[in-house]
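These are the residues of each chain, in order.
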Amino acid sequence: AQRVTQPEKLLSVFKGAPVELKCNYSYSGSPELFWYVQYSRQRLQLLLRHISRESIKGFTADLNKGETSFHLKKPFAQEEDSAMYYCALTAGTASKLTFGTGTRLQVTL
Amino acid sequence: GAGVSQTPSNKVTEKGKYVELRCDPISGHTALYWYRQSLGQGPEFLIYFQGTGAADDSGLPNDRFFAVRPEGSVSTLKIQRTERGDSAVYLCASSSTGGGSPLHFGNGTRLTVT
């Protein structure tokens, strides 16, 4: 069975500081990894997916199969980055997403 | 519509009652998902439809939970004999094809069982 672990419930950083939201997964095959974000009073939405290898809103995430990690990074945090972030995994040909418990990012001045 | 629509946004019911939660996906999306999110947790998979059929219902917790999608568009999640432990936000999402295509979520229905 697949599992996604986000060890931090809350991450508080100052504006302009680097951000790293941790995500580890367990799955024996080749997973597809995602980051979803929920801003205050908005619906859950896709931030980025590892196969796209793109940067969205300054965020990047690299899949490290050796460490089974998919950490989300941004070099300089902005106030508008404050939100709830969920790491998620799709395993093999299955369509369902398995989510982690989420990390609340709080960016303060 | 512009996005996934869920109704009602809030539902309060008494223990033992029956409830129905509705999801209207993005037009043309063949895949539809139901998730449940309890306080402090991530969304937990319940069921996935591809068209009219349930392709994966492995997340339904027990036989009190049932979902339908008779015409391949709107879906209804049905909960019989509700229990206090069923209280949660029920999220619906749709995607264009399923597989690994991105999910578009609704705002959810907050169910409270008293």
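Data block above holds the structure.
My aim in this report is to walk through the structure given alongside it, one point at a time. (Residues numbered from 1 in each chain as written. Chains lettered and ligands numbered in written order. Predicted model: local features only at pLDDT ≥ 70, side-chain atom pairs only at ≥ 80, totals over all residues. Heavy atoms only, no water.)

## Observations concerning the sheet that holds strand β7 (residues 60-61) of chain A
Residues and elements named next belong to chain A. The sheet built from 3 strands is open, its strands ordered β3-β8-β7 with antiparallel pairing. At either margin of the open sheet sits one strand with a lone partner, and together these are β3 (19-21) and β7. Two elements, β7 and strand β8 (residues 72-74), share 2 bridges in a ladder whose sense is antiparallel. Directly across from Ala61, in β8, lies its bridge partner Leu72. (Pairing = 2+ DSSP bridges. Helix = DSSP H or I, 4+ residues; strand = E, 2+ residues; numbered from the N terminus.)

## Considering the interface of chain A and chain B
Across the boundary between the two partners, chain A contributes 16 residues, which contact 22 residues of chain B. Summed over both sides, the interface between chain A and chain B buries roughly 1500 Å², with carbon and sulfur atoms accounting for 50% of that surface. Among the residues chain A hides against chain B, the three largest losses belong to Arg43, Ser95 and Lys96 of chain A. Together they make up 39% of the total. Scanning the region where chain A abuts chain B turns up 0 salt bridges. Along the contact surface separating chain A from chain B lie 7 residue pairs in polar contact (both at pLDDT 80 or more). Contributing elements (two or more residues each) for the side of chain A that touches chain B: β5 (31-38), β6 (45-49) and β10 (97-99) of chain A. By residue number, the principal contributor to the side of chain A that touches chain B is β5 of chain A, which donates 3 residues. Tallied by class, residues from the side of chain A that touches chain B come to 7 nonpolar, 4 polar and 5 charged. (Contact = heavy atoms within 4.5 Å. Buried area = accessible area lost by both parts, 1.4 Å probe. Salt bridge = Lys/Arg side-chain N within 4 Å of Asp/Glu carboxyl O. Polar contact = N/O pair within 3.5 Å; in protein donor to acceptor, adjacent residues only side chain to side chain. Nonpolar A, V, L, I, M, F, W, Y, C, P; charged D, E, K, R; others polar.)

## Overview of unusual backbone geometry
What you tend to see is this: most non-glycine residues have negative phi, and most peptide bonds are trans. The amide bond that connects Thr7 of chain B to the next residue, Pro8 of chain B, takes the cis arrangement and shows omega of -10 degrees. Along the chain, Pro8 of chain B turns up in the loop between β1 (5-7) and β2 (10-13). One non-glycine residue, Arg41 of chain A, lies in positive phi territory at about 60 degrees. Along the chain, Arg41 of chain A turns up in the loop between β5 and β6. The phi dihedral of Lys57 of chain A is positive, around 55 degrees, even though this residue is not glycine. Tracing the chain through its elements places Lys57 of chain A in the loop between β6 and β7. Given a relative accessible area of 48%, Lys57 of chain A falls into the partly exposed group. (Buried < 20%, exposed > 50% of the residue type's maximum accessible area, 1.4 Å probe, protein only.)

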